[in-house]
Amino acid sequence: MKNSMTRALCFLFLTLCSLGRISAQEFKFAFLTDLHVHSDSTLGQVELRLKSLSPQVELLLSGGDNVDIDNLKSADLSAGEQRIKSLKGLFDRTKKPYHMAIGNHDRLPRDLRDGTNDFALFEKAFGQTYYSFDHKGWRFIVLNSVETKDNHYVIGDKQLAWLKDRVEKTGKDQPLVIISHVPFLSVYYPVLEGRYTAADTFTNQKQVFDLFKDHSLKLVLQGHMHLYEEIKVKGVQFITAGAVSGNWWHGAFEGTAPGHLEVDVHGKDFSWSYVK
């Protein structure tokens, strides 16, 4: 009887979560992007960063480019895989739940890609490259924004179908966060190079963004650019959250110091700070 009651309560809880009827609560989470682990010393720096998180942080999110794999030679791949295991160990030792996004540098080296297993090492360590989860009434959707088509980043057809279904099964009032390594929106090129280009954003970003027009999308967390940006469009806050590695472990990048984002959730509202 007790087991049956427990199962029934769990089912009810999951059902209410899927409908967005669990009240949004207060919590704090950290978003760490562009770690670019490529050596023991950079692993040590990531360890220090994890130890520096505010004690109130209860949930960790990665924005991708966790370990530099795509630029390795085949002979060095085993060393890269060991760094992935070591990084996973660092996150495990925090004793906090964490969820990883995939970045372009987390893919297999170009000469080993065949279009079917580009993400094999990431999946082996961290699981699916796109997925969703709920935390205290909020729904988080982690995208794989490093799929490619015609040499441009894209949310592929299979992932797009999954996302559409996921959004349709989300209560319209449930607050949502999207995590995407490659940005939806960025002013990187206009600000730094004085030109507009679709490079380094994914090509069907409007199609993806429009899926949420009748839902309570609150926040989009992005990486890839190593620049700190805040853009607010149609009531949605986009934050490109710098980089843990800064200028690829050589100090600040164009005025953005190495750092991570900490977000305080207050019911259906939130505030944030970039921690240098």
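Look up: the structure comes first, before these words.
First things first, this report covers the structure right here in the doc. (Residues numbered from 1 in each chain as written. Predicted model: local features only at pLDDT ≥ 70, side-chain atom pairs only at ≥ 80, totals over all residues. Heavy atoms only, no water.)

### Overview of the packing of helix H2 (residues 40–51) against helix H3 (residues 77–93)
We apply this condition: Fitted lines through C-alpha atoms serve as axes, helices being fitted only where they are in contact, and the angles separating the N-to-C directions of these axes extend from 0 to 180 degrees. Strands are runs of DSSP state E lasting at least 2 residues, helices are runs of H or I lasting at least 4, and numbering of each runs from the N terminus. Here roughly perpendicular refers to angles of 65 to 115 degrees, roughly parallel to angles under 35, roughly antiparallel to angles over 145, and oblique to all remaining angles. Crossing handedness is read from the near helix: turned anticlockwise from the far helix by less than a right angle, it gives a left-handed crossing, and turned clockwise, a right-handed one. By definition in these notes, contact holds between two residues if any of their heavy atoms fall within 4.5 Å. Ten residues, namely Ala, Val, Leu, Ile, Met, Phe, Trp, Tyr, Cys and Pro, are considered nonpolar, four, namely Asp, Glu, Lys and Arg, are considered charged, and the remaining ones, Gly among them, are considered polar.
With their axes 10 Å apart at the nearest point, H2 and H3 run at an angle of 15° to one another. One element, H2, and the other, H3, form an angle in the roughly parallel class. The handedness of the crossing between H2 and H3 comes out as right-handed. Here H2 contributes Leu43, Val46, Glu47 and Leu50 to the contact with H3, which in turn contributes Arg83, Ser86, Leu87, Leu90 and Phe91. Among the residues forming the contact of H2 with H3, the class breakdown is six nonpolar, one polar and two charged.

### Re the sheet that holds strand E13 (residues 269–275)
Operational definition: The pairing criterion for strands is at least two bridges between them, as found by DSSP.
Taking strand neighbours across the sheet as the criterion, the five strands line up as E3-E2-E1-E12-E13 in an open arrangement whose pairing is mixed. Each of the sheet's edge strands pairs with one partner strand only, and the pair in question is strand E3 (98–99) and E13. Across seven bridges, the pairing between strand E12 (residues 260–266) and E13 is antiparallel. Residue pairing for E13: valine 265 is matched across the bridge by phenylalanine 270.

### Some thoughts on the pattern of salt bridges
Our working definition: Salt bridges are identified by distance alone: a Lys or Arg side-chain nitrogen within 4 Å of an Asp or Glu carboxyl oxygen.
Inspection of every chain in the model, using the stated rule, returns ten salt bridges. With a shortest N-O distance of 3.4 Å, aspartate 92 and lysine 88 are connected by a salt bridge. With aspartate 92 and lysine 88 both in helix H3 and four residues apart, this pair spans about one turn of that helix. The salt bridge involving aspartate 134 is made with arginine 139; its shortest N-O contact spans 2.7 Å. Connected through salt bridges with shared partners, the residues Lys28, Glu262 and Asp264 form a single ionic network.

### Looking at the side chain of arginine 83
Put simply, the test is: Here's how the labels work: a residue is buried when its accessible area is under 20% of the maximum for its type, exposed when over 50%, partly exposed in between, all with a 1.4 Å probe on protein chains only. By the counting rule applied here, Lys and Arg register as positive and Asp and Glu as negative, while His and the ends of each chain are not counted.
Looking at where arginine 83 falls in the secondary structure, it is placed in helix H3. Comment: no salt bridge for buried arginine 83; closest opposite-charge side chain is aspartate 40, at 5.5 Å. Setting aside chain neighbours within four positions, we find arginine 83 in contact with Val37, His38, Ser39, Leu43 and Val67.

### Some thoughts on the packing of aromatic side chains
The line we're drawing: Aromatic pairs are defined between Phe, Tyr and Trp rings, using the six-membered ring for Trp, whenever the two ring centres lie within 6.5 Å; interplanar angles under 30 degrees are classed as stacked, those over 60 as edge-to-face, and all others as tilted.
In this structure the tally under the stated criterion is 16 aromatic pairs. Aromatic side chains tryptophan 138 and phenylalanine 270 sit 6.2 Å apart centroid to centroid with 85° between the ring planes, which places their arrangement in the edge-to-face category. Taken together, the positions of tryptophan 138 in strand E5 (residues 138–142) and phenylalanine 270 in strand E13 put the pair 132 residues apart, joining distant regions of the chain. By relative accessible area, which is 1% here, tryptophan 138 ends up buried. Residue classification places phenylalanine 270 among the buried residues on the basis of a relative accessible area of 18%. Here the aromatic residues Phe27, Phe29, Phe133 and Phe140 are joined through ring pairs into a cluster of three or more.

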